[in-house]
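Fold and geometry: a report
Here is how the chains run, residue by residue.
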Amino acid sequence: MRKQTLTDVRTPSSWRAEWATLHDDGRLTVEGQSLSRGADFFEHEWAFTLAPADIPALVAMLGGTDGDDPLALLETLFQAEARVDFRRLLDRHGVRFGFWSRIGD
């Protein structure tokens, strides 16, 4: 299993982190968590899962070619963008994925 941090933004009142993991079984996950303090505490977690068969479409979407490291390509994308709407990007390019999210503490 290999993991790559994509985003880690901290302020006095919030924290947002996203990371990608290439699992031993071949699937790739992009997960995130956002925490904020204001009048109320807020927490949001999410995860995108791509099956091994869908990773070549992700690599192509990111401008890579067969054999390129999807974690490195994702790192480049997330460094170039202030905030990545990953779901919209996957949808726009027809990349299949599973999605999970949770809001709460």
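As shown above, the structure is provided for reference.
First things first, this report covers the structure right here in the doc. Predicted, not measured: the structure shown is a model, and the values here were computed from it.

**Regarding helix α2 (residues 70-80)**
Buried residues of α2: Pro70, Leu71, Leu73, Leu74, Leu77 and Phe78, and no others. In an axial view of α2, the angular spread of the buried residues amounts to 160°, which keeps them on one side of the axis. Within α2, the exposed residues directed more than 90 degrees away from the buried face are Thr76, Gln79 and Ala80. At its buried positions, α2 is contacted by β1 (2-11), β2 (14-22), β3 (28-37), α1 (55-61) and α3 (86-92). Here α2 starts with a cap whose side-chain oxygen sits 3.0 Å from the backbone nitrogen of Leu71, and that cap is Asp69.

**Comments concerning the pairing of β1**
Here β1 pairs with β2 via nine bridges, running antiparallel. Paired with Thr11 across the two strands is Ser14, which belongs to β2. The loop that links β1 with its antiparallel partner β2 comprises two residues.

**Some details on the side chain of Thr29**
With respect to the helices, strands and loops of the structure, Thr29 is situated in strand β3. Given the relative accessible area of 5%, Thr29 is considered buried. If sequence neighbours within four positions are ignored, Thr29 has contacts with Trp19, Ala20, Thr21, His23, Phe48 and Thr49.

**Quick word on the pairing of strand β4 (residues 41-50)**
In this structure, β3 lies alongside β4, joined through ten bridges in antiparallel fashion. Across the sheet, the residue bridging to Ser34 is His44, located in β4. One ladder, built from six bridges, connects β4 with strand β5 (residues 98-103); its direction is antiparallel. Bridge pairing in β5 places Ala47 opposite Trp100.

**Let's talk about the pattern of salt bridges**
According to the stated counting rule, one finds eight salt bridges in the structure shown. Put simply, Asp69 and Arg2 hold a salt bridge, and the shortest N to O gap is 2.9 Å. Of this pair, Asp69 sits in the loop between α1 and α2 while Arg2 sits in strand β1; the two residues are 67 residues apart in sequence, bridging distant segments of the chain. Judged by its relative accessible area of 28%, Asp69 is partly exposed. The structure contains a network of salt bridges with shared partners spanning Glu43, Glu45 and Arg102.

**So, the environment of Lys3**
Inspection of the secondary structure assignment puts Lys3 in strand β1. Taking relative accessible area as the criterion, Lys3 reaches 58% and is therefore assigned exposed. Taking the C-alpha atoms as reference points, Lys3 and Thr29, separated by 26 residues in sequence, lie 9.4 Å from one another. Residue contacts for Lys3: discarding those within four places in its chain leaves Trp19, Ala20, Thr21 and Leu71.

Rules behind the numbers
Residues numbered from 1 in each chain as written. Predicted model: local features only at pLDDT ≥ 70, side-chain atom pairs only at ≥ 80, totals over all residues. Heavy atoms only, no water. Buried < 20%, exposed > 50% of the residue type's maximum accessible area, 1.4 Å probe, protein only. Helix = DSSP H or I, 4+ residues; strand = E, 2+ residues; numbered from the N terminus. Arc of directions from axis to C-beta. Contact = heavy atoms within 4.5 Å. Polar contact = N/O pair within 3.5 Å; in protein donor to acceptor, adjacent residues only side chain to side chain. Pairing = 2+ DSSP bridges. Salt bridge = Lys/Arg side-chain N within 4 Å of Asp/Glu carboxyl O.

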